[in-house]
Protein chains: 2
Amino acid sequence: MSLTKNPDLDLTISRIIKAPRSLVWSAWTDRESFEQWWMPAPAKCKVVEMDLRPGGAFTTQMSEKGGDFVPHLSGCFLDIVDGERLVFTNALLGGWRPAEQPFMTAIITLKDHPTGTEYAAHVMHKSNADRKMHEEMGFFDGWGTCIEQLARLAEKRAR
Amino acid sequence: MSLTKNPDLDLTISRIIKAPRSLVWSAWTDRESFEQWWMPAPAKCKVVEMDLRPGGAFTTQMSEKGGDFVPHLSGCFLDIVDGERLVFTNALLGGWRPAEQPFMTAIITLKDHPTGTEYAAHVMHKSNADRKMHEEMGFFDGWGTCIEQLARLAEKRAR
């Protein structure tokens, strides 16, 4: 299995979070915590399913400007290494069923760092066109804002 | 996680193989054995990659009427329970990257049976249209023939 990054197909983003890995992990895997950072504010996030095991459903909804919650991510977890790694895709739904609108697989990695945790997202696409589209949709701004929100939450808890 | 069968989206096929589970498992997971039954004869199969772990590549080629080997399956293993279950999809490639032509996920299950092994394939699609297309492409004949070939191989070894 190759998890090598392919710059033609992949997007990556990372940052140092000044909180221990356990706090970053729990901010990811606890539903209420996750809802606080997964969507750029003031948009709101609702976790519908977060079944943290291979084949487990991962479904979120979003609400913008106080509107109704609408589908956001419909995906499936592929791999969970406690405290270290989460892999999910929207190419499959819960139970590994092929999805109607496949687009990406994300590998989230948490590593110890002298000042806290190195948090990295490696997002894989099937084609350079999909990678470009994701970048033009505002990948760096969107994911960057969310990771910033995650950092603020974990860092507050670390104080 | 729900692995419930959905008759609108899924195709299933099963048969009893008169050989112990260990022999059916090795006929599946040993590349040379696998090549002997995975394609309806006289078509030939070549295993390019069979990395039996979650995220591992699963790539096969076929040759018809003595022609060159051409791509057949390009997929990814999702779950391996030794001796009991194999899950793979062509919605992802090795390393979980989204695939260009996603179509199905297959769950292969081996269970002990009084006369040998109950072998079952549960094949999931994203839509009823895909399920129908797979059926019209000759799912029952094709998979049935291959499972018959698998049975013959395992039963010969059980004698």
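Higher on the page you've got the structure.
Only a predicted model underlies this, so the values are computations on that prediction, with no experimental measurement involved. (Residues numbered from 1 in each chain as written. Chains lettered and ligands numbered in written order. Predicted model: local features only at pLDDT ≥ 70, side-chain atom pairs only at ≥ 80, totals over all residues. Heavy atoms only, no water.)

*Asks:* Please explain the packing of aromatic side chains as it appears in this structure.
*Replies:* Each aromatic ring pair is specified by the distance between its two centres and by the angle formed by the two planes. Residues and elements named next belong to chain A. The full count for this structure, using the stated rule, is 34 aromatic pairs over all chains. Taking 6.0 Å as the distance between ring centres and 55° as the angle between the ring planes, the aromatic pair formed by Trp 28 and Phe 88 counts as tilted. One end of the pair, Trp 28, is in helix α1 (residues 21-29); the other, Phe 88, is in strand β5 (residues 85-89), with 60 residues separating them in the sequence. Here the two residues Trp 28 and Phe 88 agree in accessibility, since each one is buried. Consider the rings of Phe 58 and Phe 77, whose centres lie 4.5 Å apart with planes at 25°: the pair is stacked. Of the two residues, Phe 58 sits in strand β3 (residues 57-63) while Phe 77 sits in strand β4 (residues 70-81), which places them 19 residues apart along the sequence. The exposure classification of Phe 58 matches that of Phe 77, with both residues buried. (Phe/Tyr/Trp six-rings, centres within 6.5 Å; stacked < 30°, edge-to-face > 60°. Helix = DSSP H or I, 4+ residues; strand = E, 2+ residues; numbered from the N terminus. Buried < 20%, exposed > 50% of the residue type's maximum accessible area, 1.4 Å probe, protein only.)

*Asks:* Help me out: how do you make sense of the relation of the copies chain A and chain B in this one?
*Replies:* Each of the two copies of the chain can be brought onto the other by a rotation about an axis and a shift along it. Expressed as a screw transformation, the operator carrying chain A onto chain B has a rotation angle of 180° and an axial translation of 0.0 Å, and the superposed copies differ by an RMSD of 0.0 Å. The two molecules are tied by a two-fold rotation axis, judged by turn and shift. Among all residues of chain A, the minimum C-alpha distance to the rotation axis is found for Ala91(A), at 3.1 Å. By residue overlap, the copies meet face to face through one surface: 100% of the interface positions of chain A are interface positions in chain B. (Least-squares fit on C-alpha atoms with pLDDT ≥ 70 in both. Contact = heavy atoms within 4.5 Å.)

*Asks:* Any chance you could explain the interface of chain A and chain B here in plain terms?
*Replies:* In many analyses, interface size is given as the accessible surface area lost on bringing the parts together. Each partner contributes to the interface: chain A provides 33 residues, whereas chain B provides 34 residues. Around 2400 Å² of area is buried between chain A and chain B when both sides are counted, 63% of it from carbon and sulfur atoms. The interface formed by chain A and chain B holds 2 salt bridges in total. The partner of Asp10(A) in a salt bridge is Arg97(B), and the shortest N-O contact between them spans 2.7 Å. If you look at where chain A meets chain B, you find 6 residue pairs in polar contact (both at pLDDT 80 or more). For the side of chain A that touches chain B, the secondary structure elements donating two or more residues are β4 and β5 of chain A. Tallying contributions element by element places β5(A) first for the side of chain A that touches chain B, with 3 residues. By residue class, the composition of the side of chain A that touches chain B is 15 nonpolar, 10 polar and 8 charged. (Buried area = accessible area lost by both parts, 1.4 Å probe. Salt bridge = Lys/Arg side-chain N within 4 Å of Asp/Glu carboxyl O. Polar contact = N/O pair within 3.5 Å; in protein donor to acceptor, adjacent residues only side chain to side chain. Nonpolar A, V, L, I, M, F, W, Y, C, P; charged D, E, K, R; others polar.)

*Asks:* So what exactly am I meant to see when it comes to the packing of helix α1 (residues 21-29) of chain B against helix α4 (residues 139-158) of chain B here?
*Replies:* Helices that pack against each other are described as a pair by the angle of their axes relative to one another and the distance between those axes. Residue and element names in this part refer to chain B. Following both chains from N to C, one finds α1 and α4 inclined at 125°, their axes separated by 9 Å at the closest point. Considering the angle they form, α1 stands oblique to α4. The handedness of the crossing between α1 and α4 is right-handed. Side by side, α1 and α4 meet where Leu 23, Val 24 and Ala 27 of the first sit next to Leu 150, Leu 153, Ala 154, Arg 157 and Ala 158 of the second. Among the residues making up the contact of α1 with α4, the classes are represented as 7 nonpolar, no polar and 1 charged. (Axes fitted to C-alpha atoms, helices over the stretch in contact; angles between N-to-C directions. Parallel < 35°, antiparallel > 145°, perpendicular 65-115°, else oblique. Left-handed = near helix turned anticlockwise from the far one by under 90°.)

*Asks:* Is there a simple way to explain unusual backbone geometry in this structure?
*Replies:* Backbone phi values are negative for most residues with the exception of glycine, while trans is the configuration of most peptide bonds. Going from Ala41(A) to Pro42(A), the amide bond is cis rather than trans, its omega being 10°. Of note, Pro42(A) is situated in the loop between α2 (31-35) and β2 (44-50). If you check the backbone angles, Trp96(B) has positive phi at about 70° while not being a glycine. Here Trp96(B) lies in the loop between β5 (85-89) and β6 (105-113). Relative accessible area serves as the criterion here: at 1%, Trp96(B) is assigned to the buried category.

*Asks:* Help me understand the environment of Gly83(A) in this model?
*Replies:* All names here are of chain A. Positionally, Gly 83 belongs in the loop between β4 and β5. Given a relative accessible area of 14%, Gly 83 falls into the buried group. Remark: the alpha-carbon pair of Gly 83 and Arg 21, spanning 62 residues in sequence, is separated by 6.9 Å. When neighbours within four sequence positions are excluded, Gly 83 is seen to be in contact with Arg 21, Trp 25 and Leu 110.

*Asks:* Is there a simple way to explain the pairing of β2(A) in this structure?
*Replies:* Both faces of the sheet carry side chains from a regular strand, because those side chains alternate between them. All names here are of chain A. Bridge count between β2 and β3: 6 bridges; the pairing is antiparallel. Bridge pairing in β3 links Lys 46 to Gln 61. The loop that links β2 with its antiparallel partner β3 comprises 6 residues; one of these, Gly 55, has a positive phi angle of about 90°. (Pairing = 2+ DSSP bridges.)

*Asks:* Just to check I follow, could you spell out the side chain of Glu155(A) for this structure?
*Replies:* All names here are of chain A. Relative to the helices and strands, Glu 155 is located in helix α4 (residues 139-158). It turns out Glu 155 is buried and unbridged, and the closest side chain with the opposite charge, Arg 15, is 4.0 Å from it. Those residues within four positions of Glu 155 in sequence are excluded, and the remaining contacts are Arg 15, Ile 16, Ile 17, Lys 18 and Ala 19. (Lys, Arg positive; Asp, Glu negative; His and termini not counted.)

*Asks:* Please explain the state of the cysteines as it appears in this structure.
*Replies:* Formally, a disulfide is one covalent bond, and it connects the sulfur atom of one cysteine to the sulfur atom of another. Under the defined criterion, the tally for this structure stands at 0 disulfides over all chains. We note that Cys146(A) lacks a disulfide partner, and the nearest cysteine sulfur, in Cys45(A), lies 8.9 Å from it. (Disulfide = S-S within 2.5 Å.)

*Asks:* I would appreciate a short explanation of the sheet that holds strand β7 (residues 116-124) of chain B in the present structure.
*Replies:* Strand pairing in a sheet relies on backbone hydrogen bonds, with the paired strands running either antiparallel or parallel. All names here are of chain B. With respect to topology, 7 strands assemble into an open sheet ordered β1-β7-β6-β5-β4-β3-β2, the strand pairing being antiparallel. Sheet topology places β1 (10-17) and β2 (44-50) at the edges, where each strand pairs with a single neighbour. Taken over all neighbouring pairs, the strand axes of this sheet differ in orientation by 25° on average, direction set aside. Inspection of the sheet shows β1 paired to β7 by 8 bridges, in the antiparallel sense. The partner of Asp 10 across the bridge, within β7, is Met 124. With respect to the sheet, α1 is in contact with β1, β2, β3 (57-63), β4 (70-81), β5, β6 and β7, its orientation differing from that of β6 by roughly 155°.

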